[in-house]
Amino acid sequence: MSSNNVARVLVVGGGYVGMYTALRLQRKLKQELRQGTVEVIVVDPEPYMTYQPFLPEAAAGSISPRHVVVPLRRVLPQCKVVVGEVTAIDHDERRATITTLAAEETGDGAIEVAYDELVLAPGSVSRTLPVPGLADVGIGFKTVEEAIGLRNHVLEQLDIASSTRDPAVRDAALTFVFVGGGYAGVEALAELEDMARYAVRYYHNVKPEDMKWILVEATDRILPEVGPDMGRYAVRELRGRNIDVRLETRLESCEKRVAVLSDGSRFPTRTLVWTAGVKPHPILAASGLPLTGHGRLKCTAALQVDGVEHAWSAGDAAAVPDVTAEPPAKPDEPHALCAPNAQHAVRQSKVLAENIAAAVRGGPIVDYAHKYAGSVASLGLHKGVAHIYGRKLRGYPAWFMHRAYHLGRVPTFNRKARVLAEWTLAGLFKREIVSLGSLENPRAEFELAAGTGRHNEAS
């Protein structure tokens, strides 16, 4: 017990695993939480969980940004939510160091929290490469802020192209380069191209064929999760929409707003979106817990950190053996691992919560076992690919499957109803094509009026 005979469960991360685990612990340990014998603390830099599969649709304007996120305090009323970041973990002493917003403001330093059970689920961060100019002009696509910022940016480029007579500026504004052919890159590009193609009908001097959409992928296929056949279909579908898909190609440089590719191509562009993979959160390396060669926590099938008591993990952070996979052909070969995706993360969190509740109460723990069902991906409105339980779908059926699956997975009935209502209304009315880029700097107008800008009054 951490203090006063209270068993404290510290959940690091409020994403898929963190939120779903805490949500189920609320139900499993309802009596203990009410009696005060158990305490669940959730720590995350943001006060909400982001449902990332909906980010492309939020960027395209099909879903409101506030319906892509789930407020942690609303869905976790029996837990203590701390908005902050865990910067150090001493598992021998079972203490975590947390930097909060208040600590940053007051300069009081970080706070220390003692715990009995630790759940490490901080998710992943964008994996960047030392590409010249990338840090200066690259745009990520992991958060709702990045998704909405990218939407505003794309619409702003259409305004720039429509209002300039300089062909070089116009060409750069209408060239959009996406690096990475996984889910995030392909779905973001497809949804935004759909939106931009619709938006240009309201511009008198910009046509769809004026835009250049370029997808750069270092391997020989895109969307590997849906299989090679559906991946090839996705390439044909995108190229049929005049999207330039470049396989086995890398971004060499993007200095001075010029994207230079490994095949020698050069594209002046004002938009470069980087979705080329993720890497484990840095806190894993700082935890002192055993890691794999790829930086993920070594875990057992019961979602315990291998060889460490009272430490648990799942999702992106954990290397969990897939007990449903075929055993390795040779004894010295490594066992297959569960893919670090949302499908496994949501299901792992259920088993994780059951095992933590059993550990608190003194019961037996069980292994996680789930055979991978398949994958779905959207390629824009009414277009998609899917590979579910061995069946391959494309076009409208795959797109419908994509929406139905993720509607069923998004947390809370409130969010499901709101997303469904937005989809229904979007089918009845036209798209919104308004850019609200000023939201990213809301004080600009006031600063202009208070300073020496165009609103400055004569003295």
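What you see as residue numbers is a count from 1 along each chain, following the sequence as written. Residues qualify for local features only when their pLDDT is at least 70, as the model is predicted, and side-chain atom pairs are given and counted only at 80 or more; totals for whole chains, interfaces and linings, by contrast, use all residues. Neither water nor hydrogens contribute to the side-chain values; these are computed over all heavy atoms in the structure.

## Re the pattern of salt bridges
Right, so step 1: Criterion for a salt bridge: a side-chain nitrogen of Lys or Arg within 4 Å of a carboxyl oxygen of Asp or Glu. Scanning the model with the defined rule gives 18 salt bridges in all.
Right, so step 2: For Glu-354, the salt bridge is made with Lys-28, and the minimal N-O distance between the two is 3.2 Å. Linking Glu-354 in helix H12 (residues 342–361) with Lys-28 in helix H1 (residues 16–28), this pair joins segments that are 326 residues apart in sequence.
Right, so step 3: Note on exposure labels: buried denotes an accessible area under 20% of the residue type's maximum, exposed denotes more than 50%, and partly exposed covers the range between, all computed with a 1.4 Å probe on protein chains only. Judged by relative accessible area, Glu-354 falls into the partly exposed class, the value being 25%.
Right, so step 4: Residue Lys-392 is joined to Asp-229 by a salt bridge in which the shortest nitrogen-to-oxygen separation is 2.5 Å. Of this pair, Lys-392 sits in strand S24 (residues 391–394) while Asp-229 sits in helix H10 (residues 228–240), and the two are 163 residues apart along the sequence.
Right, so step 5: Given the relative accessible area of 44%, Lys-392 is considered partly exposed. Labels follow the DSSP assignment, with helices taken as runs of H or I lasting at least four residues and strands as runs of E lasting at least two, numbered in each case from the N terminus.

## Some remarks on helix H14 (residues 413–428)
Right, so step 1: Multiplying 1.5 Å by the residue count of a helix minus one yields the expected span of that helix. Spanning 16 residues, H14 covers 23 Å between terminal C-alpha atoms, matching the ideal 22 Å at 1.5 Å per step.
Right, so step 2: Listed in full, the buried residues belonging to H14 are Arg-415, Val-419, Glu-422 and Trp-423. Seen end-on, H14 carries its buried residues on one side only, within an arc spanning 100°. With respect to the buried face of H14, the exposed residues turned more than 90 degrees away are Phe-413 and Leu-428.
Right, so step 3: Here, two residues are considered to be in contact whenever any of their heavy atoms come within 4.5 Å of each other. Next to the buried residues of H14 lie helix H3 (55–60), strand S4 (69–71) and helix H13 (396–409). When we speak of the arc, we mean the arc of directions from the helix axis to the C-beta atoms.

## Points about the side chain of Ser-162
Right, so step 1: Mapped onto the elements, Ser-162 comes out in helix H7 (residues 144–163).
Right, so step 2: The class of Ser-162 is buried, set by a relative accessible area of 18%.
Right, so step 3: Here Ser-162 is in contact with Tyr-203, His-204, Asn-205 and Val-206, once residues within four sequence places are set aside.

## Brief notes about the packing of H13 against H14
Right, so step 1: Angles shown run from 0 to 180 degrees and are taken between the N-to-C directions of axes, each axis being a line fitted to C-alpha atoms and, for helices, limited to the stretch in contact. Contact geometry for H13 and H14: axes closest at 9 Å, N-to-C directions at 150°. In terms of orientation, H13 lies roughly antiparallel with respect to H14. The hand of the H13/H14 crossing is right-handed. The residues of H14 that touch H13, namely those facing Arg-403, Leu-407, Gly-408 and Arg-409, are Lys-416, Val-419, Leu-420 and Trp-423.
Right, so step 2: Considering only residue class, the contact of H13 with H14 consists of 4 nonpolar, 1 polar and 3 charged. For this classification, under 35 degrees means roughly parallel, over 145 means roughly antiparallel, 65 to 115 means roughly perpendicular, and everything else is oblique. In a left-handed crossing the near helix is turned counterclockwise from the far helix by less than a right angle, and in a right-handed crossing that turn is clockwise. Residues are grouped as follows: Ala, Val, Leu, Ile, Met, Phe, Trp, Tyr, Cys and Pro are nonpolar; Asp, Glu, Lys and Arg are charged; all remaining types, including Gly, are polar.

## Some words on the side chain of Lys-383
Right, so step 1: Mapped onto the elements of the fold, Lys-383 is located in the loop between strand S22 (374–378) and strand S23 (384–388).
Right, so step 2: A 3.5 Å cut-off defines polar contacts: any pair of N or O atoms within that distance qualifies, except that in protein one atom must be a possible hydrogen donor and the other a possible acceptor, and neighbouring residues in sequence count only when both atoms are side-chain atoms. Only 2.9 Å separates the side chain of Lys-383 from the backbone oxygen of Leu-381, close enough to count as a polar contact.
Right, so step 3: Those residues within four positions of Lys-383 in sequence are excluded, and the remaining contacts are Asp-194, Glu-237, Arg-241, Ser-378, Gly-395 and Trp-399.

## Focus: the environment of Ala-103
Right, so step 1: With respect to the element layout, Ala-103 can be found in helix H5 (residues 101–106).
Right, so step 2: Along the chain, Ala-103 and Gly-84 lie 19 residues apart, while their C-alpha atoms are 9.3 Å from each other.
Right, so step 3: Among all residues touching Ala-103, those that are not within four sequence positions of it are Asp-108 and Gly-109.

## Some thoughts on helix H9 (residues 183–199)
Right, so step 1: Over its 17 residues, H9 runs 24 Å from end to end, which matches the ideal 24 Å to within 8%, given 1.5 Å per residue.
Right, so step 2: In terms of burial, H9 is largely enclosed, as 14 of its 17 residues are buried.

## As for the nonpolar core
Right, so step 1: To form a nonpolar core, buried Ala, Val, Leu, Ile, Met, Phe, Trp, Tyr and Cys residues must be joined to one another through side-chain atoms within 4.5 Å. Val-40, Leu-76, Phe-178, Trp-213, Leu-223 and Val-385 are the most contacted members of the largest nonpolar core, which totals 115 residues.
Right, so step 2: Residues contacting Val-40, with those up to four places away along its chain left out, are Val-9, Val-11, Ala-22, Leu-25, Leu-33, Cys-79 and Lys-80.
Right, so step 3: Of all hydrophobic cores here, the second largest spans 14 residues; its members include Val-177, Leu-261, Phe-267 and Trp-274.

## Details of the sheet that holds strand S6 (residues 95–100)
Right, so step 1: Each pair of strands is called paired provided DSSP finds at least two bridges between the two strands. An order of S7-S6-S5-S2-S1-S8-S20 is seen for the 7 strands of this open sheet, with the pairing classed as mixed. Both edges of this open sheet fall to strand S7 (111–114) and strand S20 (311–313), since each of them pairs with a single strand only. In this sheet, neighbouring strand axes are inclined to one another by 40° on average, regardless of whether the strands run parallel or antiparallel.
Right, so step 2: Strand direction decides the pairing type here: strand S5 (residues 80–90) and S6, joined by 6 bridges, are antiparallel. Counted as the bridge partner of Asp-90 is Arg-95 from S6.

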